[in-house]
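Observations on chain architecture
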Amino acid sequence: MKEIVYIQAGEFSNYVGTHFWNTQESYFTYDTEDEPLTSHDISFREGLAGGEPTFCPRLLAFDRKANFGTLATNNVLLGMDNGNQDATPWGGNVVEYRQDPIEKSAYQTEMEDSSADPQQPGNSMNNPLSQLHQSTGEIRYWSDFSRVYYVPRTIQKLPDPPDWDLPNGDWNKGVDSFVQYNESNDVMDGSLRLFLEECDNLQGIQVINDANTFGSFISTFLTSFRDELLKLPSLVFPLLSSSIPGQIDVDDYQGTKNVINDSLHLRSLYDLSAMTIPVQAPSHWSRHVWSSGLTSTRKSKYEQSALLSSHIESSTLPLRMRGAHEDISSFSAQLNWRGTIPFGELMGAFPVTSPEELQHDVVNFSAYSIPKVGIQHARIDVTRGFSPSFITGYENWSANSKSIPQTLVSRFHAPAYPLPTSFPSFFNPAANVLSPSGSPYYSYTTKALSSVTSSTTTASLLKERAIFIEACVKRRAGAVVASGIESDELKDLVNDLWTMHDNHIDDDGELGREGNDGYSGVEE
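Heads up: these notes are all about the structure in this document. Nothing here was measured: the structure is a model prediction, and the numbers come from that model.

Quick word on the sheet that holds strand β11 (residues 376–384)
- If you trace the five strands from one edge of the open sheet to the other, you get β10-β9-β16-β11-β12, paired in mixed fashion. Whereas interior strands pair on both sides, the edge strands pair on one side only; in this sheet they are β10 (363–364) and β12 (409–414).
- Taken together, the two bridges between strand β9 (residues 345–349) and β10 define a ladder with antiparallel strand orientation. Paired with Gly-348 across the two strands is Val-363, which belongs to β10.

As structure tokens, then:
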């Protein structure tokens, strides 16, 4: 058993994380004799509540207080936190103002009413929750569709900033925010250390964070983490902002701040993380993400996060599978066998309608909407629910990927992807992509393919950022001045981005520095 400690930071990351944990919960077999797919001790900590064993995620979830919704610091298993404060010692008159409590979501209410066993919400096939969740409009917070319980130290509520002082894209504020929060709440020596001390053979930490609002916060967290545990690897999924070079001008104040902030975060992760897999904002995903198997408006965080979570969960499944021998170190080493490219890319197709459509439906979540085809250095594929005929089709598709020798592709074939009742019902009925699960804990499954690869495509991402920030420094753009980042530090950032870029290209100089590759965001 090699445990993982998980970190989530930011609203969208916690949406993704909630789907991730709901899927992990669906792998529990409880009273049946079936062997579970995953080793639960890797991601869950075991405890007792009312004399009964409980399993809660080994997780720290950071977000602004307003984004937690009805999620209490102490949950059902450990006693509800009703928000009451200790009585004040003041002996005079007190005028008390209370904010109206947030009502529970319809899903949470139904789940509590229909489940006799709090560890098995909605577990009856005759239960109204046995069908996929129907309404996206009912989801207000990421806690509205959570199916798992947390220990109190998981919940890390940061103060809400004033409306006139939002920290989006502000690197220095994020650094200060972590320092102040850690000093006040003892995160590193308290909550995190308690999780670490519970582990017998820790393999590392897995992080997902919103770069725009928690980029420098997480970078500072990881710096502190590395000071204590230098050799422990981390696997990081930074969710980048919607501002990308080539689509904004240096005079775009907030957009420029976002690009600089994202780039500083990527630069720090290059040194802090064993493997970093950047993910573009949903607005920049390829239209092929929403394949013929789905019907979606593409606007709902609830739906977008479900799709992204399915690929993060499946692509990292080898780290948790029972009997597998992968861990974060070996996972990262496979992708970074050259030793100079600790950045990867997330790819996949969900759901898979037919193996013949893989060449159209597999999309790159780390690239912009229409990425250039890069040369792959290594790839890890995880198929879900593929029959022998589908596996043959997948192997044909993989063999036709001439950009990579098949000896550098690792393959894992796993059971179909489970769809708990918290999953959005955005499947196209005509596509016939849902299958009965045969499980008492969820009704449907679907086929999927998820991959993590390292390739020269990342070099293009780094190159465009280096060109853009260099132009901003030369023109002394307003956002550069207001960012609080010294000009010399930004010049160092540009040089570092170019170094990272050069490490990702092939020896023949492909994707080198010559030319702008059609980049038209700024004029020098």
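Let us keep going from here.
Considering the packing of helix α4 (residues 187–197) against helix α5 (residues 211–228)
- With their axes 13 Å apart at the nearest point, α4 and α5 run at an angle of 60 degrees to one another. The pairing of α4 with α5 is recorded here as oblique in orientation. Crossing handedness for the pair α4 and α5: right-handed. Contact with α4, carried on its side by Met-188, Leu-192, Arg-193 and Leu-196, involves Phe-221, Ser-224, Phe-225 and Glu-228 of α5 and no other residues of that element.
- Each residue belonging to the contact of α4 with α5 can be placed in one class, and the counts come to five nonpolar, one polar and two charged.

Considering the nonpolar core
- Leu-235, Leu-308, Leu-346, Phe-350, Phe-365, Phe-423 and Phe-427 are the most contacted members of the largest nonpolar core, which has 62 residues in total.
- Setting aside its immediate chain neighbours within four residues, Leu-235 contacts Ile-205, Gln-206, Val-207, Ser-273, Met-275, Ile-277, Thr-316, Leu-319, Ile-328 and Phe-331.
- One finds Trp-171, Ile-260, Leu-462 and Leu-493 within the second-largest nonpolar core, a separate group that totals 31 residues.

About the thresholds
- Residues numbered from 1 in each chain as written.
- Predicted model: local features only at pLDDT ≥ 70, side-chain atom pairs only at ≥ 80, totals over all residues.
- Heavy atoms only, no water.
- Pairing = 2+ DSSP bridges.
- Helix = DSSP H or I, 4+ residues; strand = E, 2+ residues; numbered from the N terminus.
- Axes fitted to C-alpha atoms, helices over the stretch in contact; angles between N-to-C directions.
- Parallel < 35°, antiparallel > 145°, perpendicular 65-115°, else oblique.
- Left-handed = near helix turned anticlockwise from the far one by under 90°.
- Contact = heavy atoms within 4.5 Å.
- Nonpolar A, V, L, I, M, F, W, Y, C, P; charged D, E, K, R; others polar.
- Core = buried A, V, L, I, M, F, W, Y, C linked by side-chain atoms within 4.5 Å.
- Buried < 20%, exposed > 50% of the residue type's maximum accessible area, 1.4 Å probe, protein only.

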